[in-house]
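Chains, contacts and geometry: an overview
Spelled out, the chains give:
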Amino acid sequence: MKRIVSGIKPTGSLTLGNYIGAIKQFVKLQKARENDEFFLFIADLHAITTRQIPHELRKRTLDIAAMYLACGLDKERTTLFIQSEIPQHAELGYILQSNVYMGELERMTQYKDKLESNDVSISSSLFTYPALMAADIILYDADYVPVGDDQKQHLELTRDIANRFNHYYSDFFTVPEPLIPEVGARIMDLQNPEKKMSKSENNPKGYITLFDDEKTITRKIKSAKTDSLGIIKYDPLEQKGLANLINIFASISDISINQIVDKYKNSDYKTFKEDLAKTLVDVLIPIQLKYQEIINSNELNEILDKGRSIASDYAFKKMRKCKRKIGLGRK
Ligand code: TYM
């Protein structure tokens, strides 16, 4: 039995990028790996590395929990929990800060991007964020961590931190492997295909959220930036916008990029976009209906209570051993 661990940060609305790069993979893996355990959480401690409005943060935290289930995760096989409800994440995060170097944190692109944005109010927790993320993962001895491409660097650092700890104190943490999907690991902004589709992206035409209605989805796909070549082929260098749409189409409908290209090679952008929009609507609207059911039920709280109890048990035992190993406390 392997343990699979991953999380989503409740900042902004969930996007199609989060769905394709992460949640859809979780669901697929869960179907394919019947004997494995899934620990999935909402990374609310990560969200507060930038300023959040408290009631919005709480709402988005529950929204993500409900969305995980609405997207098809099996509640019986998922330990679903909220990061801040398990204090050992922060405790281990602090310990791991002592096992990671400033230089390593300074090399993280997420931090570098923030520095370049000339934002003067970068919190110190934004800088140490990768230590907390490493804690989220190794606290549960994760074997695999399914994530989108943008988290690859954090996963590499997590492995380095785990190896360093194991080397100094003797084997203790499982060194996790990232699982990054072959197609859809980096969904790009619909208006600027040079940039990752992101919930903090300012132009709403650039991203589709999991809450967008049929009209909005169709409008955003129709206005997605393509090119003037007018030929449907997969060329991520010359036809970035179109390649992104092909990626979305292939991921969402579980068919290969080649099959998509083959189907539309004699067609035009308009028809291709109409079909893509329809496919997206057919996938997202049922998820939204399911979300409505779950968010308005009492069951969500019960599932989160159960998740907290299982995760907390594991985390408590692991941290007790960890502190003993390091020499913290009396015994
Ligand atoms: P976050 O909340 O930014 O994103 C959640 C997941 O969605 C993926 N993702 C994308 N995939 C493809 N295309 C995109 N445009 C796109 N945008 C986002 C991300 O790669 C991620 O898998 N630090 C993490 C949250 C986290 C975490 C963890 C993840 C905290 N602790 C431990 C795994 C394990 C983050 O900010 O992801």
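The coordinates are above.
Residues numbered from 1 in each chain as written. Predicted model: local features only at pLDDT ≥ 70, side-chain atom pairs only at ≥ 80, totals over all residues. Heavy atoms only, no water.

**A short note on the site of the ligand**
Our working rule: Residues are counted as near a molecule or strand when any one of their heavy atoms sits within 4 Å of it. Whenever two N or O atoms come within 3.5 Å, that pair is a polar contact, provided that in protein one can donate a hydrogen and the other can accept it, and provided that, for residues adjacent in sequence, both atoms are side-chain atoms. All accessible areas in this document rest on Shrake-Rupley with a 1.4 Å probe, and a residue is counted as covered only by the protein chains that are shown. The method works on a 1 Å grid over the protein atoms by themselves. A cavity is a set of points holding a 1.4 Å probe that cannot get out, a pocket is an open set with protein on both sides within 12 Å along at least five of seven lines, and residues with an atom within 4 Å of a point line them. More than half of a molecule's atoms within 2 Å of the grid points is what it takes for that molecule to sit in a cavity or pocket. Runs of H or I in DSSP of at least four residues are treated as helices and runs of E of at least two as strands, each being numbered from the N terminus. Here the nonpolar group is Ala, Val, Leu, Ile, Met, Phe, Trp, Tyr, Cys and Pro; Asp, Glu, Lys and Arg are the charged ones; every other residue, Gly included, is treated as polar.
The environment of the ligand is formed by 27 residues, the closest being Y129, D136, G148, D150 and I187. Taking G17, its main chain carries an N or O atom lying 3.2 Å from a nitrogen atom of the ligand. At 2.8 Å, a backbone N or O of G148 approaches an oxygen atom of the ligand. In isolation the ligand exposes 710 Å². Once the protein is present, 98% of that is buried. According to the grid-proximity analysis, the pocket containing the ligand is the largest pocket. Where the shell around the ligand is concerned, the elements lending two or more residues are β1 (3-8), α1 (16-32) and α7 (124-138). Considered class by class, the residues forming the shell around the ligand number 12 nonpolar, nine polar and six charged.

**With respect to empty space enclosed by the protein**
Basically, it comes down to this: Grid points are joined across faces, edges and corners, and a volume is the space filled by probe spheres set on the points.
The full count for this structure, using the stated rule, is one cavity of 30 Å³ or more. Computed from the structure, the largest cavity encloses a volume of approximately 40 Å³. Contributing elements (two or more residues each) for the lining of the largest cavity: α6 (109-116) and α7. Ranked by the residues each element gives to the lining of the largest cavity, the list is headed by α7, at three residues. Of the residues contributing to the lining of the largest cavity, the split by class is five nonpolar, two polar and no charged.

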